[in-house]
Amino acid sequence: MSLTAGILTVSDKCSQGLAQDTSGPALRNLLESNNWVVTHTDIVPDETHQITQTVEKWSQTCHLVVVSGGTGLASGDVTVEALEPLFTKKLPSLAIAMVAGSLRITPMAALSQVTAGIVNETVVVAVPGSKKGSTENLQQIIGVLPHAVDTACAGRSTRQIHNMQAPALCGCSRVDDTGSPGGVSEKLGASVAGRARKSPYPMVPADEALAMAFGYVGVLPKAIVELSAVRAGMVLAEPVVAREPVPAYRASVMDGYAVVADDGPGDYCVLGASTAGKNSAVAEMSVTSGSIMRITTGAPVPPGADAVVMVEDTQLLEASADGEEAKVRVLARVQPGQHIRPVGFDVAQGTELLSASTVISGVGGEIGTLALSGNKSFRIYAVPRIAVISTGDELTDSAEMSLQGQVRDSNRPALICALQALGCDVVDLGIVRDDPDILAATMAEALGKGCHGIITSGGVSMGERDWLRPVIEQRLDGKIVFGRVLMKPAKPTTFAMLPQGRFVFALPGNPASAVVAFHMFAAPVIRKLAGHGDRIEALRPSVRAVFCGPEELVLDHVRPEYARARLCWNSQLAVWQAEVLDSRQQSSRMASMAGANALVCLPRGSNQKPVVRNGDQITAIVIAPPAFNY
Ligand SMILES: Nc1nc2c(c(=O)[nH]1)N[C@H]1C(S)=C(S)[C@@H](COP(=O)(O)OP(=O)(O)OC[C@H]3O[C@@H](n4cnc5c(N)ncnc54)[C@H](O)[C@@H]3O)O[C@H]1N2
Ligand code: MOO
Ligand SMILES: [Mg+2]
């Protein structure tokens with residue numbers, strides 16, 4: 001679990017674009033090289049209100065906020081005056097450590113007024129505005145900041161914070177026994193009045209969240225399937241080699257007559273016929289100079305013949321009483337080998353037809369190749385078996401709603417369909433009430449049924465009946481890997497590992513959030529599990545596209561947004577274009593997902609760039625085949 005930081009540059013000139021912000025990027029480098037995840041950056045002028053507003057907002061989500069600039073002696077320097085009234089606790093020793101360290105480098109350090117304190121359980125540090133001064137000051141305390149954060153965040157576990165120094169997550173399919181941010185969820189059975197009023201889970205940037213999940217999930221073991229059981233979506237675990245040559249015999253490419261090429265045009269007796277599949281005549285007879293044999297496309301060329309003349313290049317001279325052809329005139333000359341596929345022409349025996357990791361597609365080419373390879377069974381990666389559970393007292397499967405307050409379960413059908421499209425074996429465990437006992441029992445049932453993973457929706461936010469995370473930790477002995485993601489929608493997306501390497505994606509209940517989170521995280525993880533490889537870019541592909549509507553979209557200043565969109569290739573302009581489908585992209589609106597084949601990544605807005613406009617370049621994550629406009 002990473003610690004998150006925001007970097008706020010305070011500078012009139014930088015905020016107006018009259019000077020370049022060099023301290024912000026330098027601080028980012030320093031923090032990132034010390035394992036911090038920088039989730040927020042912005043530039044504001046030297047104005048008290050803008051400084052306090054940004055710091056207060058970021059303190060809702062970040063562990064640390066570094067404010068750079070406005071710490072000098074000029075009357076316009078207001079950073080310290082803006083911040084200190086926000087502090088619920090001052091951390092003067094951090095400020096002293098910064099000044100003491102900087103004084104060793106320059107006596108000018110005596111002229112800066114750095115400060116540090118706690119705002120909303122977030123450590124806030126103000127450093128000078130210059131690139132050199134800001135990094136020198138932060139460098140003095142960077143080593144103790146995780147511990148400062150640890151103490152400041154009463155609700156967040158110490159292990160979680162100390163763990164940020166630990167190497168990345170374990171290689172594959174095992175629960176990290178060095179500790180995870182587990183053990184911080186609500187205690188089951190505690191009174192509602194005693195619940196936490198803030199989420200204990202830091203918001204992890206979306207790409208980092210996916211990388212974390214990837215670290216926990218390996219590839220499923222190999223299995224053997226017969227050809228009739230091969231399905232689109234399966235992945236070959238071993239190369240497939242041709243057991244026999246194809247064709248296995250010299251085969252005719254045309255309907256006509258098997259001839260001796262050197263004989264040339266002339267009149268010939270017809271010896272009989274070689275038709276595909278019925279080749280008794282071939283076994284008994286061979287073609288010798290002066291005779292020919294009828295032959296159909298794909299039939300074995302009889303011994304002695306070395307070419308085929310098309311029926312169109314012949315003329316019937318004589319028929320027998322029973323309607324057979326007795327004598328035929330050959331009108332065209334053919335070369336030896338003409339219209340014959342020699343043995344192994346299509347595939348030589350022993351050729352590797354398909355390599356390991358080939359994905360069986362719905363196009364048919366791979367299954368067709370498996371069939372012609374002559375092998376009876378194939379080694380593939382086991383198919384992911386995934387359970388789907390909808391949670392919520394309000395949910396119903398019925399078209400008729402008998403009670404007020406009921407809501408039709410749209411998440412389960414959506415998730416089941418999306419899993420099936422990935423080729424998963426889906427176990428539908430229905431709707432489960434918001435009851436920890438039933439939830440735990442249903443998830444245990446999924447494990448009993450051999451599911452590799454469980455996908456739930458609902459019950460992961462701050463509600464008094466949002467039980468998923470406590471049930472995972474306290475009933476199923478699971479570890480929460482991440483409990484919130486810095487994204488809109490789907491902020492409370494949760495990923496957890498259960499014993500024996502089984503995983504849970506506990507997706508938010510809001511329908512668009514559930515489906516977006518599925519495509520952002522669950523789909524690529526399941527592809528990795530199924531053997532499709534381990535490169536995130538390949539398992540969750542994206543393209544650069546031109547934003548083409550609506551005219552202008554206001555960017556969220558806190559969370560990057562993943563907007564449901566239609567991606568289309570514009571053949572006239574030769575560019576990908578992405579149109580956000582519905583300007584009302586609320587997370588409750590499943591219908592905004594209908595027709596979507598991409599998620600447009602909208603960056604967080606800033607004072608410099610508050611909107612995305614028609615014509616802007618954006619990244620679109622491809623979640624279904626794109627459209628083509630000719
Ligand atoms: N105080 C806070 N409240 C909420 C926060 C927050 O940070 N603080 N986060 C909001 C966000 S963002 C989301 S997203 C939702 C996530 O809620 P849950 O995952 O706990 O889901 P529920 O509370 O069970 O339901 C939310 C909503 O979705 C409807 N729903 C649930 N399941 C289904 C389904 N299968 N089919 C159709 N609709 C479903 C449910 O009826 C609710 O309307 O929390 C916010 N709250
Ligand atoms: O997941 Mo929520 O969508 O951010 O409303
Ligand atoms: Mg809820």
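Cut-offs used in this document
- Residues numbered from 1 in each chain as written.
- Chains lettered and ligands numbered in written order.
- Predicted model: local features only at pLDDT ≥ 70, side-chain atom pairs only at ≥ 80, totals over all residues.
- Heavy atoms only, no water.
- Helix = DSSP H or I, 4+ residues; strand = E, 2+ residues; numbered from the N terminus.
- Rg over C-alpha atoms; globule rule 2.2 N^0.38 Å.
- Buried < 20%, exposed > 50% of the residue type's maximum accessible area, 1.4 Å probe, protein only.
- Contact = heavy atoms within 4.5 Å.
- Areas by Shrake-Rupley, 256 points an atom, 1.4 Å probe, with all protein chains shown as cover.
- Near = heavy atom within 4 Å.
- Polar contact = N/O pair within 3.5 Å; in protein donor to acceptor, adjacent residues only side chain to side chain.
- Nonpolar A, V, L, I, M, F, W, Y, C, P; charged D, E, K, R; others polar.
- UniProt positions renumbered as here; feature names shortened; annotations may be inferred.
- Pairing = 2+ DSSP bridges.
- Axes fitted to C-alpha atoms, helices over the stretch in contact; angles between N-to-C directions.
- Parallel < 35°, antiparallel > 145°, perpendicular 65-115°, else oblique.
- Left-handed = near helix turned anticlockwise from the far one by under 90°.
- Donors = N, O, S within 2.8 Å, 3.2 Å for Na, K, Ca; no water.
- pLDDT = per-residue confidence, 0-100.
- Phe/Tyr/Trp six-rings, centres within 6.5 Å; stacked < 30°, edge-to-face > 60°.

S.K.: Help me understand the overall build of the protein, please; the structure alone is not making it clear to me.
M.R.: Scanning the protein for helices and strands turns up 16 helices and 36 strands. Computed over the C-alpha atoms, the radius of gyration of the protein is 34 Å, more than 25% above the 25 Å expected from 2.2 N^0.38 for a compact globule of 630 residues. Over its C-alpha atoms, taken along the principal directions, the protein stretches across nearly 115 × 60 × 45 Å. A buried classification covers 51% of the 630 residues belonging to the protein. By sequence separation, contacts in the protein at least 24 residues apart represent 74% of the contacts at least 6 residues apart. In the form shown here, the protein has an accessible surface area of approximately 27,600 Å², with 52% of it arising from carbon and sulfur atoms.

S.K.: Help me understand the site of ligand 1, please; the structure alone is not making it clear to me.
M.R.: If you check the shell around ligand 1, you find 22 residues, and the closest are Glu394, Asp409, Ser461, Lys491 and Gly509. The contact in question runs from an oxygen atom of ligand 1 to an N or O atom on the backbone of Asn510, over 3.3 Å. Coverage of ligand 1 by the protein chains reaches 71% of its 870 Å² of free accessible surface. Counting only elements with at least two residues in the shell around ligand 1, the list comes to β22 (407-408) and α15 (511-529). By residue class, the composition of the shell around ligand 1 is seven nonpolar, ten polar and five charged.

S.K.: Looking at this model, I keep getting lost on the UniProt feature "domain: MoaB/Mog" (unreviewed entry) in the protein. Mind explaining?
M.R.: Those residues carrying the UniProt feature "domain: MoaB/Mog" (unreviewed entry) are residues 6-148 and 387-528 in this numbering. Between the end C-alpha atoms of residues 387-528 the distance is 17 Å, and the span holds 35% helix and 27% strand.

S.K.: So what exactly am I meant to see when it comes to the sheet that holds strand β25 (residues 479-482) here?
M.R.: Working definition: the strands of a sheet are paired by backbone hydrogen bonds and lie parallel or antiparallel to each other. The strand order across the open sheet formed by six strands is β23-β20-β24-β28-β27-β25, and the pairing between neighbours is mixed. Looking along the sheet, the strands with just one partner apiece sit at the ends: β23 (425-432) and β25. Looking at each pair of strands side by side, their axes are set apart by 20° on average, direction ignored. Against the sheet, helix α9 (residues 206-216) engages β25, β27 (494-498) and β28 (502-507), with an angle of about 140° to β25.

S.K.: Would you mind showing me how to read the pairing of β28 here?
M.R.: One face of the sheet, then the other: side chains in a regular strand alternate in exactly this way. Most of β28 is tucked away: six of the six residues are buried. A two-sided burial pattern is seen for β28, the buried positions comprising Arg502, Val504 and Ala506 on one face and Phe503, Phe505 and Leu507 on the other. Pairing of strand β24 (residues 453-457) with β28 involves five bridges; the strand directions are parallel. Following the sheet pairing, Ile454 is matched in β28 by Val504. Across five bridges, β27 lies against β28 in antiparallel orientation.

S.K.: Looking at this model, I keep getting lost on the site of ligand 2. Mind explaining?
M.R.: By nearness alone, every residue bordering ligand 2 is listed as Pro489, Ala490, Lys491, Pro492, Asn510, Ser513, Arg559 and Ser587. In this structure, an oxygen atom belonging to ligand 2 sits 2.8 Å away from a side-chain N or O atom of Ser513. In the environment of ligand 2, an oxygen atom lies 2.7 Å from a nitrogen or oxygen atom belonging to the side chain of Arg559. For the shell around ligand 2, the residue count by class is three nonpolar, three polar and two charged.

S.K.: Please clarify how the pairing of strand β29 (residues 542-547) should be interpreted in this entry.
M.R.: Inspection of the sheet shows β29 paired to strand β35 (residues 617-622) by five bridges, in the antiparallel sense. When the sheet's bridge partners are listed, Arg544 is paired in β35 with Thr619. When β29 meets strand β32 (residues 575-580), the two strands line up parallel, connected through two bridges. Bridging from a neighbouring strand, Val546 pairs with Gln577 of β32.

S.K.: Can you help me understand the packing of helix α5 (residues 92-103) against helix α6 (residues 131-141) in this one?
M.R.: Between two packed helices, the angle of one axis relative to the other and the distance separating the axes together describe the packing. Between α5 and α6, whose axes approach to 8 Å, the crossing angle comes to 120°. As judged from the angle between their axes, α5 and α6 are oblique. Relative to α6, the crossing made by α5 is right-handed. In this structure, α5 uses Leu94, Ala97, Met98, Val99, Gly101 and Ser102 to contact α6, whose residues at the interface are Glu136, Asn137, Gln140 and Ile141. Its residues placed into classes, the contact of α5 with α6 shows five nonpolar, four polar and one charged.

S.K.: What should I look at first to understand the coordination of the magnesium ion (ligand 3) in this one?
M.R.: The textbook angles at a metal center are 109.5 degrees for a tetrahedron of four donors and 90 or 180 degrees for an octahedron of six. Within the protein, the magnesium ion (ligand 3) binds to Asp466 (OD) and Asp466 (OD); these donor distances fall in the range 2.4 to 2.5 Å. With respect to the secondary-structure elements, Asp466 resides in the loop between β24 and α14 (468-475).

S.K.: Looking at this structure, how should I read the confidence of the model for the protein?
M.R.: Parts of the model with low pLDDT should not have their predicted coordinates read in detail. Considering every residue of the protein, the mean pLDDT works out to 90; 93% of them sit at 70 or more. The low-confidence segment residues 155-183 (pLDDT under 50) makes 69 contacts with residues lying over four places distant or belonging to another chain. Interface confidence for the predicted complex, expressed as ipTM, amounts to 0.98; the pTM equals 0.72.

S.K.: Whenever I open this one, the sheet that holds strand β5 (residues 115-119) confuses me. Can you help?
M.R.: Strand order in the open sheet formed by six strands is β2-β1-β3-β6-β5-β4, with mixed pairing between adjacent strands. Two strands close off the open sheet at either side, each with one partner strand: β2 (36-44) and β4 (89-90). Both β4 and β5 contribute to a ladder of two bridges, which runs antiparallel. Along β5, the bridge assignment pairs Lys90 with Gly117. Each of β3 (64-68) and β6 (122-127) is contacted by α6, which is oriented at about 140° to β6, the strand it contacts most.

S.K.: I keep staring at the packing of aromatic side chains and nothing clicks. Help me out?
M.R.: Each aromatic ring pair is specified by the distance between its two centres and by the angle formed by the two planes. Counted by the stated rule, this structure contains seven aromatic pairs. Aromatic pair Phe495 and Phe505: ring centres 4.8 Å apart, planes at 45°, arrangement tilted. With Phe495 in strand β27 and Phe505 in strand β28, the pair connects residues that are ten residues apart, well separated along the chain. Exposure remark for Phe495: the relative accessible area of 0% places this residue in the buried category. By relative accessible area, Phe505 is classed as buried at 0%. Both rings, one in Trp569 and one in Trp576, keep their centres 5.1 Å apart while their planes meet at 70°; by these two values the pair is edge-to-face.

S.K.: Sorry, what's going on with α6 here?
M.R.: Helical geometry: 3.6 residues make up each α-helical turn, so side chains three or four residues apart lie on a common side. For α6, the full list of buried residues reads Gly133, Ser134, Thr135, Glu136, Asn137, Leu138 and Ile141. Buried residues along α6 sit in contact with α2 (23-32), β3, α5, β6 and α7 (145-152).

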